[in-house]
Amino acid sequence: MRKLATLSFVSLDGVMQSPSSAEEDPSGGFAKGGWAAPYWEDVMPQVESMAMSVPYDILFGRKTYDIFATHWPTAPKSNLSERLNAAKKYVVTSATDRLGWENSHVVSGDVVEELRKLKAQSGPLLQVHGSSELIQLLHTHELIDEYRIWTFPVVLGGGKRLFESGSVPRTLVHTASGNVMNGVSAAFYRAA
């Protein structure tokens, strides 16, 4: 059985919407996109070493997949771009169009049951990047084994949150942490 971990970038007030750029996800009138970008240079080496250095497959919601798929296939060659491009990508979507990024596979229908089957297979870690709506579904159905959260020293006041109001209560156990000199902190938690 494979494990499933989330990888999330959040503000101090828990917002995870559109960390890289304003164009990423302006839904709901969110106008503060790009809030994490000034920290990337210092943060990404830690993210790579703590969460992306071992083999993994990626699980995406459709919006996040589309964002990644427009950038990474043509990104400059690096360890990160090679890992992301080579990884199997599972995309939760109801759309019927073809997924163009290599190694991409649709997850549809009874998504919760399909994800349980995916977790039951042998294979590397399943890692969710971004995908706030998918994380809510996974959390509700207790499919997340580990939450990997980078918290940035920014308060946004609104936007999509990692744990939305009404999230299922759950006790987590802290398993790892790390700090970056620019005030960003990492904390990993596993389901109790």
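Residues numbered from 1 in each chain as written. Predicted model: local features only at pLDDT ≥ 70, side-chain atom pairs only at ≥ 80, totals over all residues. Heavy atoms only, no water.

A.B. asks: Even after reading the chapter, I still don't get helix 3 (residues 79-86), so can you show me in this structure?
C.D. replies: Because each turn of an α-helix spans 3.6 residues, side chains separated by three or four positions in sequence point in the same direction. For helix 3, the full list of buried residues reads Leu80, Ser81, Leu84 and Asn85. Down the axis of helix 3, the buried side of the element spans an arc of 120 degrees, and every buried residue falls inside it. Every exposed residue of helix 3 that faces more than 90 degrees away from the buried side is listed here: Asn79 and Ala86. The elements touched by buried residues of helix 3 are helix 1 (40-51), strand 2 (56-61), strand 3 (89-92) and strand 5 (125-129). (Buried < 20%, exposed > 50% of the residue type's maximum accessible area, 1.4 Å probe, protein only. Helix = DSSP H or I, 4+ residues; strand = E, 2+ residues; numbered from the N terminus. Arc of directions from axis to C-beta. Contact = heavy atoms within 4.5 Å.)

A.B. asks: Please explain the pairing of strand 8 (residues 185-191) as it appears in this structure.
C.D. replies: Consecutive side chains of a regular strand alternate in pointing toward one face of the sheet and then the other. Pairing analysis gives 6 bridges linking strand 6 (residues 146-152) to strand 8, with the strands arranged antiparallel. By the bridge assignment, Tyr147 is partnered in strand 8 with Tyr189. Both strand 7 (residues 172-179) and strand 8 contribute to a ladder of 7 bridges, which runs antiparallel. Within strand 8, the residue paired with Asn179 across the bridge is Ser185. (Pairing = 2+ DSSP bridges.)

A.B. asks: Help me out: how do you make sense of the sheet that holds strand 2 in this one?
C.D. replies: Strands pair in a sheet through their backbones, by hydrogen bonds, and they do so in one of two ways: parallel or antiparallel. A sheet is described by the order of its strands in space; here 8 strands give the open sequence 4-3-2-5-1-6-8-7, paired in mixed fashion. Strand pairing shows two members of the sheet lacking a second neighbour, strand 4 (104-107) and strand 7, which therefore form its edges. Each neighbouring strand pair of the sheet contributes to a mean axis angle of 25 degrees, computed without reference to strand direction. (Axes fitted to C-alpha atoms, helices over the stretch in contact; angles between N-to-C directions.)

A.B. asks: Would you mind showing me how to read helix 2 (residues 62-71) here?
C.D. replies: Residues Arg62, Thr64, Tyr65 and Phe68 constitute the buried set of helix 2. Projected down its long axis, helix 2 shows its buried positions confined to an angular sector of 155 degrees, all on one face. Looking at the buried positions of helix 2, the neighbouring elements they touch are strand 2, strand 3, strand 4 and strand 5.

Nothing here speaks to function; it is geometry throughout.
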